[in-house]
Each structure stands twice: as C-alpha cells, then as structure tokens.
Amino acid sequence: MTAAPHPGRTRRTVVLAALLALLAVAMLAGVGLGAVPVGPADIVRAIGRALAGEARVPGDAVIVDIRLPRVVLAALVGACLASAGVLYQALFRNPLADPYILGMSAGAGLGAVIALTLTASATALRFGVVPAGAFLGAVLTIVFVVRLASLRGALDVTSLLLAGVAISYVLSAMTSFVMVFFRESMTSVVFWMMGGLTAASWPYVWMVTPMLLAGIAVPLLSTRELNLMLLGEDRAAELGVDVERFKRVILAAGAVLVAAAVAVSGLIGFVGLMTPHMVRLALGPDHRVLLPASALGGAVVMVLADLVARTVLAPVEIPVGIVTALVGGPFFVWLLVRRNGHR
Amino acid sequence: MSVRLAYEAATVGYPGVEVVSSARLRVAAGEVVGLIGPNGAGKSTLLRAVTGSARISDGEVTLSGRSLAGLTPRERARRVGVVPQQVSATFSFTAREFVLMGRHPHLGRLQQLSAADTSLAEEVMARTDTLRLAEEPVDTLSGGDLQRLALAQALAQEPEVLLLDEATSHLDLNHRMQVLDLVRELADAGMAVLAVFHDLDLAARYSDRLAVVAGGALGEAAPPPAVLTAGMLSEVFRVRAVVGADPVTGAVSVTPVLREEAVPAAGLGSVLVIGGSGTAAALMRRLHLAGYAVSAGALNRGDVDQAVAAALGLEHVALPAFGEVDPRAEAAVARMAATADAVVVADVPFGRANLGNLRALAEVAPRVVFADGFRGERDFSGGEAARLAEGLAAAGALSVPGDIDSVLAALERFTAR
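Since the structure is predicted, the reported quantities are computational estimates derived from the model, not experimental observations.

Enquirer: Just give me the short version of the overall build of chain A, but keep the residues and values in it.
Expert: Regarding its fold elements, chain A presents 14 helices and zero strands. Its helices and strands taken in sequence order, chain A reads α-α-α-α-α-α-α-α-α-α-α-α-α-α from the N to the C terminus. Split into buried and exposed, the 343 residues of chain A put 53% on the buried side. Look at the contacts in chain A between residues 6 or more apart in sequence, and 76% of them connect residues 24 or more apart. Of the roughly 15100 Å² that chain A leaves accessible, carbon and sulfur atoms contribute 72%.

Below is the structure:
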C-alpha cells in the first residue's frame, strides 16, 4: 500500500489524540451537566484556581470537590475495565471474554466485601485492605475458572464462559451471605455492589491511579506478545513468547485492573466487553493501538454512562452498573448471535 | 557439515505419556531430513519438543550444540522456525503484519520494526508467492495461502533450523512443488530442515535422509532407497506396496497395492494369471482381493506385473529383466497351470521371448480364459502366438471382454463348488 516503513505509527498517534480529545470533551460534559449546569470556561477557571491554590469563588466546591473527582474516577474505572477486557480477550483468543463474564468482578466483589466487613471499624485501613481483598478475590476466581474450564483437557471457550457465569452466581450468593451476617453495613454494600460512583472522592482517585498505571504498564510494553497470543499458544511459543510466564503476568495485571475498578465502584459489567470490541471493529486487532485506544475508549464510555446515571432520572441517581448492563447485555447477545451466524 | 539440530537419546511426550523414547537424530546444515510413519506415531511430537510444546522427559535436544534447556524462548525462536500443520487466523491482521510477527524474537521490548525488518518481510513474502496478498486480512485467506504465509513468517525469523510439520498438506500441486523447491533451495544454502511427510513420494523426492517413527521409537536416518522398502512399508504402514523409481525424478516411488488387513482369508479357488508389461497388475490385485489363490506365470524382473506379484506375495516364475521364457520356465508355468482351477490370459502382447507362457497352457485349454479375446495385434511372434491361441480356442478356451468384471464372471463357472 505505502512504501513508508511504519504506516501504522502516524495513524496510531492520530487515533489516540482523537480519543484523548473525545475524553476531554466527555469529561467537560460530565463536570458541567447536573443539577446546576456549569459552562466549560467556568470549569477550566475553577480547576485553574484550585491548581494554583487561589481562593475559591462560590460554586468551585461543587466542581472541584464533587463533580471532578467523580468524573476522573469514572474515567479511571472505565480505563481499568476496558484494558482488563482487552487483556483477557487476547489471553483466551475470544472477543467474548471480559472480567464481569469471567466471574472476576464477582470474585473481586466478594474479596472486597469480606475486607470491608473485617475492617468496618477502621476506615483508614479500607484503602489498603479493600483493594487488596478485591485483588485476591479476582486472582483466585480467574485461576479457579480457568482450571474448571480446562478440566477436560484444552481450555475451550464455551466452558470458560459457562464456568465464569456459574462461578459468578456462586460468588454473588456468598457476597449476599456475608452481607446478611453484617447487617449494619448492608445498605452501603448493596449500593456499592450494584456499581456506582456516588462515593467518589479524591482519595479514591489517588488509590485507583497507581493501580491503573501498574496494571497497564507491562501489557503496554508487551503489545507484540499480545498480538502473538492471538495466533494460539503453540504458535506464540514457536515465535519466541514464554507463554506460561506471559499468561501469568497478564492474568495478574488484569486482576490488578479489575481489583482497582471493583474496589471503588463495585460491579460494573460489559464495559470491558463492549469497548475493546468496538475499538477492534474500528481499528483492527493490533494491540499497539487496541490496548491504549480501548483504555481511552473505556474512560469515555464510563464518563458518559455515569453522566446518564446521574442525570436521566435526576434528582434520583441510578447506579451506573445498571446503565452499562442495560446497554451491554443486548450488545453481548448481539455478539453471540453474530458469532453463531458466521459459523 | 555442522550439526544444527540433534536429538540425544531424547524421550519426548506430554505429561504422563511418553510418545517417542530415546530418539537419536542429527540434522546438519544443508540437509533435509524427512520423518515418516503412521498417524499418531509421534512425528509431530518430535518437532513440538523442539519448540517447547511437547516435553523432553529424558535425554536432550540441542541446537548447534547448545541444549534447549539453556535457551530462552526468544533465543530459541531466533534459531528455529516452524511451519505448522494447521494455521489458525481468527483475527484480522493483514498478511504483512502476520509475516512481520516473525521478527518478534529479534526485536527488543521497546524496539520498533526497522526498514530492514520490513524489507526482509517483503523478500520472504516474494519467495513464498504471498507478496500479492500483503494487504489482505489473514482471516479471509485460504488454508493454502495461510500455510505459505506461515512459512514466510518462519523465514522472517531467519532461523538456521526449519521444522515443517506436513507443511504442504493444504497446498495445491503447483504450490506444493514451489514450497518444497524453496525448502530444498534453503537447505542448499545452509539451512537444516527437519520435515514431517505423509506423502512418501514427496518425502523420498525432497529428503536427503529419511527416518521412520513407529512404535514409540525413531529409526535410524538413511537415504530414501534404504528406508522405503517393501518390508518397512508392510511392517510399519501395514501396506503391501510396489517400490519403484519415479520415471521422471528417479526418486524412490511407492505405489500401495493393498492393506495387510484387506487380504482375505477364504479361498474361492486358484487362478493362474498370464500377464506381463503391466497388463495383469490390476487383474491380479482384484482376483487376490476377491479371495482367489492367485499365481502368475513367468514375469520379467523390472516389469510392473512382477513387482505387483511380488508385493502381493503371489507364486510366480521370476525371469531376469528381458529374459526369455526358456523351457525350464515354461515347464514351471505348465505345472502351475495343471494345478490351477482356471487360467486367465491377460491382454499381453506375445513375442518370441514370452511365447513359452502360451505354450505351457496346451494341456489345460478348456480352463483357459482369454481376457479381451485374442486379436492379431497382440501377436509380435510372426504368427506363432496367433496359431497357439487358435489351437487353445479350438480345444475349448473361452474369450471374454477385457474388463475385470467380465473376467470375474467367467471364472465363476470354473471355481464355483
């Protein structure tokens, strides 16, 4: 097509810049729209004042302390979920894999709830303990689900999805059980479980940010290996990938991402499924583009979903997990139908 | 030549299963070694052990003298390229991107593809006739195209050892030759090639040495004519076959005649077939399969009919190549005719050299069946053969159409009991 040795590189830059701009617009909308609408110029000025440490004017508190952390957190959570989706889809060579469907979100949820109830008295502990519990829950779940799905030899995709859904149910039931036992914290936990960003605040942002960076750094440095994994494990090994080690690294990185998202926002489904899929349809399967573009795309999707959750029934707020499920469920069905139609 | 790939008493398999034990084989730079053997014998497992997909539970495999165990997957992938049996492409990378993936083991973590990488990819795609597919998504390509792309991908690794696992099984005739000619060329330029073949003729034609994998063991590698013998084919592949030379390439050529399991036990009766020059090969096989105890008259060595009679294990009088049916041979044929329930004379031309085959039938004329009658154009003996045939016909010999079914129908009257 073109004689240039790197036709992909400029395209990649353009795509990522466009997504970044889209994210900025979505975030401005997210901060600006609400019970009291705020114009983009006011938002920028308020943020400027906060960064410069100047005195606040009335209205700054709503923007800087309430809406901004929530929008930033939504973006971070969306990025975590979509990146995790990309990683698991590559690992299992299947576009239907996603942390929610694989049961990891439920596992992280149970881990987080247990951590939450154990440390109910010491709020300070939660920031370390809840994500740790979520991570542990996510890792144990994915290891168990993969083992379960490969009982009859090679890992087959139908078993993987079925095992994920089944384990998801069991873990959710166990979560409910824990909640019944610790009645006093039930309401907040229930709301958290449905997936929401109502509790968003800057400390949550500071907790999720390093987890996102830690979870996505290694995969971003391994995009070629992720591409090779799509050719099958044997072929990836033939072409020089240390497959067993790589799988463990990616499973762990994905679990960090899922744990970060679940710890602050509960169970939010389908973002990790939809976003990578749409990005792949638009930009192709190359992880050098797919992974960063999905992270940005997930951020956009999540900011918009949260905006809908906050405003559509205002002043009542619906958990954002309901919004993503209402859109994502049918999307998943469409994917299944389309996939079967191809065969 | 220096040894590139060596199995040193290597036992290979999978967790809990040993597939091939104590394999010993050395593949040197510049040679193509073919692995042959029945399905499931472990040919692919031997290859997979080199790339870590199968396990080496004992002994070792070395690459240019270095044990595989001491190489990282990347180091190994810089030395060994593989063309698998089946290539899966479920994601829509372009063919060019697919081939460039072969550069992975040469690239550092943060290193981008260089102009040298892309031009190398173009070169290997040109050599495998895939350059015209460069911008096509691989998930839309045919199995044959994918297989050639996998070869291009493997060559992009710039390996010194190439492993082919039935790499041409999905290719048409033209591309099969193209790929194997290219492999031969690569070997001649110094690559060491270890290839699994199902097609024995291809194996013989393109390999310097062949080794048989069967019964959990790897046989010694030797030049094709020493390995592809009727005995080996019967023992390992359970097939009786004619082993000859390909008339064009001179390579060993195998024509399977029948499966060991297909040899019927029950005898319908005995039939002597008079043939030669390939006129009786199909007839003897069919009669044998139908359950007749078949014997053949005097046949010259080097004649297809003689090879088939030998492969089938039929009693016959073997003459030297171009030798005459002398009185001794004629007497032997007459003895066979005397004990046979019937005699079929195939559509064989008669000249001075094989008249004896016809003369030997004088005593059994009523039990003789001429396939396709006896027409003048079969007589190259100056009238003598025609006279003998007329004599036999006068004494009761039958004439039937030349097709095998007619012959089988005619035989029923002699052998029905």
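Enquirer: Break down the sheet that holds strand E1 (residues 3-14) of chain B for me, citing the residues and quoting the values.
Expert: Residue and element names in this part refer to chain B. On the basis of which strands lie adjacent, the open sheet formed by four strands has the order E2-E1-E4-E5 and antiparallel pairing. Because the sheet does not close on itself, it has two edges, and the strands there are strand E2 (17-28) and strand E5 (66-67). Pairing between strand E4 (residues 55-63) and E5: two bridges, direction antiparallel. What sits directly across from Leu63, in E5, is Arg66. Running at roughly 115 degrees to E1, helix H1 (residues 43-50) makes contact with E1, E2 and E4 of the sheet.

Enquirer: I'd like a rundown of the sheet that holds strand E13 (residues 269-274) of chain B, residues and numbers included.
Expert: Whenever strands of a sheet pair, they do so through backbone hydrogen bonds, lying parallel or antiparallel. All names here are of chain B. Pairing is parallel across the open sheet formed by six strands, whose spatial order is E15-E14-E13-E16-E17-E18. A single partner strand is all that each edge strand has here, and the edge strands are strand E15 (315-319) and strand E18 (398-400). Adjacent strand axes in the sheet meet at a mean angle of 20 degrees when their direction is disregarded. As defined by bridge partners, strand E16 (residues 342-345) adjoins strand E17 (residues 368-371) across three bridges and the pair is classed as parallel. Bridge pairing links Val344 to Val369 in E17. Here helix H11 (residues 304-312) sits on the sheet in contact with strand E14 (292-300) and E15, set at roughly 140 degrees to E14.

Enquirer: Provide a residue-level description of the interface of chain B and chain A, including the pertinent values.
Expert: Each partner contributes residues to the interface: chain B has 38 residues there, and chain A has 26 residues. When the two sides are added together, the surface that chain B and chain A hide from each other amounts to roughly 2600 Å², 55% of it contributed by carbon and sulfur. Among the residues chain B hides against chain A, the three largest losses belong to Phe91(B), His104(B) and Arg109(B). Together they make up 26% of the total. The tally of links between chain B and chain A comes to one salt bridge. Salt-bridge contacts for Asp234(A) lead to Arg48(B); the nearest nitrogen and oxygen are separated by 3.0 Å. Between the two partners, chain B and chain A, sit eleven residue pairs in polar contact (both at pLDDT 80 or more). Breaking the side of chain B that touches chain A down by element, the ones donating at least two residues are helix H2 (73-79), strand E6 (80-83), helix H3 (95-100), helix H4 (115-127) and helix H5 (143-156) of chain B. Residue contributions to the side of chain B that touches chain A peak at four residues, all from H2(B). Of the residues belonging to the side of chain B that touches chain A, the class tally is 17 nonpolar, 14 polar and seven charged.

Parameters and conventions
Residues numbered from 1 in each chain as written. Chains lettered and ligands numbered in written order. Predicted model: local features only at pLDDT ≥ 70, side-chain atom pairs only at ≥ 80, totals over all residues. Heavy atoms only, no water. Helix = DSSP H or I, 4+ residues; strand = E, 2+ residues; numbered from the N terminus. Buried < 20%, exposed > 50% of the residue type's maximum accessible area, 1.4 Å probe, protein only. Contact = heavy atoms within 4.5 Å. Areas by Shrake-Rupley, 256 points an atom, 1.4 Å probe, with all protein chains shown as cover. Pairing = 2+ DSSP bridges. Axes fitted to C-alpha atoms, helices over the stretch in contact; angles between N-to-C directions. Buried area = accessible area lost by both parts, 1.4 Å probe. Salt bridge = Lys/Arg side-chain N within 4 Å of Asp/Glu carboxyl O. Polar contact = N/O pair within 3.5 Å; in protein donor to acceptor, adjacent residues only side chain to side chain. Nonpolar A, V, L, I, M, F, W, Y, C, P; charged D, E, K, R; others polar.

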